[in-house]
There are 2 protein chains.
Amino acid sequence: MREIDETQMSDIARGAAVLGTGGGGDPYVGRLLAEQALRQHGPVTLLDVDELPDDAVVVPVALMGAPTVMLEKMPAGDEATNALRAVAQLIGKRVTHTVSIEAGGLNSVTPFIAAAELGLPLVDADAMGRAFPELQMVLPTLSGVHASPMTMADERGNAITLQTVDNAWAERLARAITVEMGCTAAVSLYVLTGRQIKELMVPGTITLCERLGTGIREAREQHRDPVAVATELLRGKKLFTGKIVDIQRKTEAGFARGEAHLDGVGEDLGSRFELAFQNEHLVARHDGEVVASVPDLICVLDTDSGEPVTTEMLRYGVRVTVLAAPCDPRWRTDAALELVGPGYFGYDHEYVPIA
Amino acid sequence: MREIDETQMSDIARGAAVLGTGGGGDPYVGRLLAEQALRQHGPVTLLDVDELPDDAVVVPVALMGAPTVMLEKMPAGDEATNALRAVAQLIGKRVTHTVSIEAGGLNSVTPFIAAAELGLPLVDADAMGRAFPELQMVLPTLSGVHASPMTMADERGNAITLQTVDNAWAERLARAITVEMGCTAAVSLYVLTGRQIKELMVPGTITLCERLGTGIREAREQHRDPVAVATELLRGKKLFTGKIVDIQRKTEAGFARGEAHLDGVGEDLGSRFELAFQNEHLVARHDGEVVASVPDLICVLDTDSGEPVTTEMLRYGVRVTVLAAPCDPRWRTDAALELVGPGYFGYDHEYVPIA
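Keep in mind the model is a prediction, meaning the values are calculated, not measured. (Residues numbered from 1 in each chain as written. Chains lettered and ligands numbered in written order. Predicted model: local features only at pLDDT ≥ 70, side-chain atom pairs only at ≥ 80, totals over all residues. Heavy atoms only, no water.)

**Remarks on the overall build of chain A**
Argument step 1. A tally of regular secondary structure across chain A gives 11 helices and 18 strands.
Argument step 2. Oriented by its inertia axes, the alpha-carbon framework of chain A measures out at about 60 × 45 × 35 Å.
Argument step 3. The burial tally for chain A puts 62% of its 355 residues in the buried class.
Argument step 4. Accessible surface, chain A as shown: approximately 13100 Å² in total, 49% of it carbon and sulfur.
Argument step 5. The averaged location of the 50 negative side-chain charges in chain A is 1 Å from the averaged location of its 31 positive side-chain charges. (Helix = DSSP H or I, 4+ residues; strand = E, 2+ residues; numbered from the N terminus. Buried < 20%, exposed > 50% of the residue type's maximum accessible area, 1.4 Å probe, protein only. Areas by Shrake-Rupley, 256 points an atom, 1.4 Å probe, with all protein chains shown as cover. Lys, Arg positive; Asp, Glu negative; His and termini not counted. Charge placed at Lys NZ, Arg CZ, Asp CG, Glu CD.)

**Thoughts on the sheet that holds strand β2 (residues 44-47) of chain B**
Argument step 1. A sheet is described by the order of its strands in space; here 3 strands give the open sequence β1-β2-β5 (chain B), paired in mixed fashion. Two strands in the sheet have a free side with no partner beyond their single neighbour: β1 (2-4) and β5 (122-123) of chain B. (Pairing = 2+ DSSP bridges.)

**Details of the sheet that holds strand β17 (residues 297-302) of chain B**
Residues and elements named next belong to chain B.
Argument step 1. An order of β16-β15-β14-β13-β12-β18-β17 is seen for the 7 strands of this open sheet, with the pairing classed as antiparallel. In this open sheet, the two strands that pair with only one neighbour each are β16 (289-293) and β17. Averaged over all adjacent pairs, the angle separating strand axes in this sheet is 35°, with direction ignored.
Argument step 2. Where strand β13 (residues 255-264) and strand β14 (residues 272-278) come together, 7 bridges link them in antiparallel fashion. The residue of β14 that forms the bridge with Gly258 is Phe277.
Argument step 3. On top of the sheet, helix α10 (residues 226-233) reaches β12 (237-252), β17 and β18 (319-325); it is set at about 15° to β18, its chief contact. (Axes fitted to C-alpha atoms, helices over the stretch in contact; angles between N-to-C directions. Contact = heavy atoms within 4.5 Å.)

**Details of helix α10 (residues 226-233) of chain A**
Residues and elements named next belong to chain A.
Argument step 1. Looking at α10, one finds that the buried residues are Pro226, Val227, Val229, Ala230 and Thr231.
Argument step 2. Buried residues along α10 sit in contact with α9 (205-221), β12 (237-252), β17 (297-302) and β18 (319-325).
Argument step 3. The N-capping residue of α10, defined by a side-chain oxygen 3.0 Å from the backbone nitrogen of Val227, is Asp225.
Argument step 4. Where α10 terminates, the next one or two residues include Arg235, which has phi positive at roughly 50°. (Polar contact = N/O pair within 3.5 Å; in protein donor to acceptor, adjacent residues only side chain to side chain.)

**Some points on the domain arrangement of chain A**
How big an interface is tends to be stated in terms of the accessible area lost upon association of its parts.
All names here are of chain A.
Argument step 1. Examined at the domain level, chain A breaks down into domain 1 (2-205) and domain 2 (227-340).
Argument step 2. When each unit is reduced to the centre of its C-alpha atoms, the spacing between domain 1 and domain 2 is 24 Å.
Argument step 3. Regarding the contact of domain 1 and domain 2, the summed buried area is about 2700 Å², with carbon and sulfur atoms giving 67% of it.
Argument step 4. On inspection of domain 1 and its partner domain 2, the count reaches 1 salt bridge.
Argument step 5. The salt bridge partner of Glu307 is Arg14, with a shortest N-O separation of 2.7 Å.
Argument step 6. Our enumeration of links across domain 1 and domain 2 arrives at 12 residue pairs in polar contact (both at pLDDT 80 or more). (Domains from an automatic or database assignment. Buried area = accessible area lost by both parts, 1.4 Å probe. Salt bridge = Lys/Arg side-chain N within 4 Å of Asp/Glu carboxyl O.)

**Brief notes about the relation of the copies chain B and chain A**
Argument step 1. Once chain B has been moved 0.0 Å along the axis and rotated by 180°, it coincides with chain A to within an RMSD of 0.0 Å. These values place the two chain copies in the arrangement generated by a two-fold rotation axis. Every residue of chain B has its C-alpha some distance from the rotation axis, and the shortest such distance is that of Thr161 of chain B, at 2.5 Å.
Argument step 2. Mapped onto chain A, 100% of the interface residues of chain B again fall at the interface, so both copies present the same surface. (Least-squares fit on C-alpha atoms with pLDDT ≥ 70 in both.)

**Section: the UniProt feature "domain: S-Me-THD-like C-terminal" (unreviewed entry) in chain A**
Argument step 1. UniProt feature "domain: S-Me-THD-like C-terminal" (unreviewed entry): in the numbering of this structure it lies at residues 166-354 of chain A.
Argument step 2. The span residues 166-354 of chain A carries 28% helix and 35% strand; its end-to-end C-alpha distance comes to 31 Å. (UniProt positions renumbered as here; feature names shortened; annotations may be inferred.)

**Observations regarding the nonpolar core**
Argument step 1. Core analysis: the biggest nonpolar cluster contains 196 residues, and Phe112 and Ile160 of chain A together with Phe112 and Ile160 of chain B have the highest contact counts within it.
Argument step 2. The contacts of Ile160 of chain A, once residues within four sequence positions are left out, are Met150, Thr151, Met152, Ile177 and Met181 of chain A together with Ile160, Thr161, Leu162, Leu173 and Ile177 of chain B. (Core = buried A, V, L, I, M, F, W, Y, C linked by side-chain atoms within 4.5 Å.)

**Things to note about the pattern of salt bridges**
Argument step 1. Summed over the entire model, instances satisfying the criterion amount to 40 salt bridges over all chains.
Argument step 2. One salt bridge in this structure joins Arg257 of chain B and Glu252 of chain B, with 3.0 Å as the shortest N-O distance.
Argument step 3. Several salt bridges converge on common partners, so that one network encompasses Asp11, Arg14, Arg217, Arg220, Glu221 and Glu307 of chain A.

**Let's talk about the side chain of Thr310 of chain B**
Residue and element names in this part refer to chain B.
Argument step 1. Following the sequence through the fold, Thr310 ends up in the loop between β17 and β18.
Argument step 2. We classify Thr310 as buried; its relative accessible area is 1%.
Argument step 3. Ignoring anything within four residues of it in the chain, the contact list for Thr310 reads Gly22, Gly25, Asp26 and Pro27.

**Quick notes on the packing of aromatic side chains**
Argument step 1. All told, the structure shown has 6 aromatic pairs over all chains when counted by the stated rule.
Argument step 2. Taking 4.7 Å as the distance between ring centres and 20° as the angle between the ring planes, the aromatic pair formed by Phe240 of chain A and Phe273 of chain A counts as stacked. Of this pair, Phe240 of chain A sits in strand β12 while Phe273 of chain A sits in strand β14 (residues 272-278), placing them 33 residues apart in sequence.
Argument step 3. In this structure Phe240 of chain A comes out as buried when scored by relative accessible area, which is 0%.
Argument step 4. Residue Phe273 of chain A is classed as buried on the basis of its relative accessible area of 2%.
Argument step 5. Judged by centre distance (5.1 Å) and plane angle (80°), the rings of Phe132 of chain B and Trp331 of chain B are edge-to-face. (Phe/Tyr/Trp six-rings, centres within 6.5 Å; stacked < 30°, edge-to-face > 60°.)

**Side note on the interface of chain B and chain A**
Argument step 1. Listed by partner, the interface residues are 17 residues for chain B and 17 residues for chain A.
Argument step 2. Taken together, both faces of the contact between chain B and chain A bury some 1600 Å²; the carbon and sulfur share is 58%.
Argument step 3. When the area that chain B buries against chain A is broken down by residue, the three leading residues are Asn158, Leu173 and Glu180 of chain B, summing to 32%.
Argument step 4. With a shortest N-O distance of 3.1 Å, Arg172 of chain A and Glu180 of chain B are connected by a salt bridge.
Argument step 5. Our enumeration of links across chain B and chain A arrives at 7 residue pairs in polar contact (both at pLDDT 80 or more).
Argument step 6. Elements represented by at least two residues in the side of chain B that touches chain A include exactly β8 (159-163) and α7 (167-180) of chain B.
Argument step 7. With 6 residues, α7 of chain B is the largest single contributor of residues to the side of chain B that touches chain A.
Argument step 8. Of the residues in the side of chain B that touches chain A, the class split is 9 nonpolar, 5 polar and 3 charged.
Argument step 9. In this structure, strand β8 (residues 159-163) of chain A lies alongside β8 of chain B, joined through 5 bridges in antiparallel fashion. When the sheet's bridge partners are listed, Ile160 of chain A is paired in β8 of chain B with Leu162 of chain B. (Nonpolar A, V, L, I, M, F, W, Y, C, P; charged D, E, K, R; others polar.)

**So, unusual backbone geometry**
Negative phi values dominate among residues other than glycine, just as trans dominates among peptide bonds.
Residues and elements named next belong to chain A.
Argument step 1. That bond from Ser148 to Pro149 is cis: its omega, 10°, falls within 30 degrees of zero.
Argument step 2. The residue Tyr190 is not glycine, and still its phi comes out positive at about 55°.
Argument step 3. On the secondary structure map, Tyr190 appears in the loop between β9 (184-188) and β10 (192-193).
Argument step 4. Residue classification places Tyr190 among the buried residues on the basis of a relative accessible area of 1%.

**Observations concerning the pairing of strand β2 (residues 44-47) of chain A**
All names here are of chain A.
Argument step 1. Alignment of strand β1 (residues 2-4) against β2, held across 3 bridges, turns out to be antiparallel. Following the sheet pairing, Arg2 is matched in β2 by Leu46.
Argument step 2. Bridge analysis of β2 against strand β5 (residues 122-123) gives 2 bridges, and the strand direction is parallel. Counted as the bridge partner of Leu46 is Leu122 from β5.

Here it is as structure tokens:
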């Protein structure tokens, strides 16, 4: 158990954006909103998963939508708190903790805002160990946990609750609502007990985000290679170093979808590389051959500064290094691959795990 | 106060489809569902507005969506009951009555289904005196009554509640949800007290539906002109008699939109006529000149049988007579015309009331 204050938000958001694999929201927007909330309401208590009572009532919060839009239409800040409060009312129980659904520049810090505003402790964990584009894509889904009772809130004051027959329907309905709300909405869902958190979530995600964010910053300050530090912390490997020569993107059906093309630099000179994304990076191809894909993490970092580059920041001429890192092993079962593997996203290649 | 049983549903649905002005749902589907519910659960008590206690808690129910789709994807029947139950839970009060939101072949009888299943009496009234395509288009909106707390339910078991900042947002969000639910959904909204019902609703709509439905049937049986009977009961006037020579329709954004073109028959020989609709008929043109428009009622009847012809039943060669009838006078104020007048639907002509 430790206290997190606003001075740590910058590092946490940076590291979270690495785990966000291109999505999970912009770390700068996330940092600004969380810093403001923590300055105003004081520090947030961060709990290890082991410290959590089995009967804890843990309610996650997140922002849903196209990250492209969140850059222009800033969240008001209190949507997440409103969504969490609405779940509390719905279940008629006292909420004891909150937690992240996914790792991401915005979605790792959104629960800090709700935690600060409501005086709740935050559990050091998340439901993916990374970011995924659709809300049924969490480890608890694999164990039959229902997304609903679920609530949604926008910055205007509209509030919606959903009780769905399964988590795929939760995604479908929530996505349509998000689009209508202007492509962003706060969501609160997957109410979990302390015991379920211990069994079904990825532990230590916030601490990993902070170590990644601190490690990248310190390496840069000390003129060491920040990308190498990140690669080591992720137990990943370098896939490609290059510069972006082409980027196509569109905001459709509530997602940011697109492709980025890179030309090799340095030891990759003469090679080409391709990233396909739906909010998050889904597939990486080196000279036409798939070298990494969901559910493994494909992380894009600025080659010089080591800063995570979200898909919205991909633009012509940016020099980046692409890393791959192994996902949580629970994502590698057949059932999990049906939920988040390449086939789900319409790719016909087999998933080959990153070593 | 009187009892309505399944033998009356056929006439009520027929008359309701006349007031539905092309929309409001298919009277055959509505009749089948309501007959089944009333056979199973027994008759429903119909109350005059005057008989209602001021502190009654009245919760309306309706089906929302594109009528085109409801013909193919039959409602399960209990969605409306589920939606009403969810509102009751939300407001934490005992619901004492239900009522129609709009007049229509399906939406005048949907509340009978919920009333029968829940043992609730039904108020003889509706919120429009006709059908309109969007859910903010009810007389209570003009007096500042909120659509929400609102609930939605589909035939799978998905359930949603909405609390919106205004009634236009209720329509926007509910429409997106309806589309995702497969273009039809049950909705329950506009919780009203007995006093509000008396002040804000159109009284006697069910009775008028029944008189229209019975009148048309009896005239046909007695070889009198059923169209003339309907015209008189509506205090309307005949606009055109012809046959349909062209019909364009598309299901878009959760609505059935289109245009029908008619060639004159009999005394209208040589003339052309045009109907534009969005679920309901919006504008009627005779040789290019607007002769009726929302909020007045444009009703299309089969010339021989007097049966109401919904927009889904418009097809090449059908011989119809088009009537216009005056809307409830409260729809003719400036504020009301902003909500439901031709300008709202994108037409630039001034509204000229039917005498």
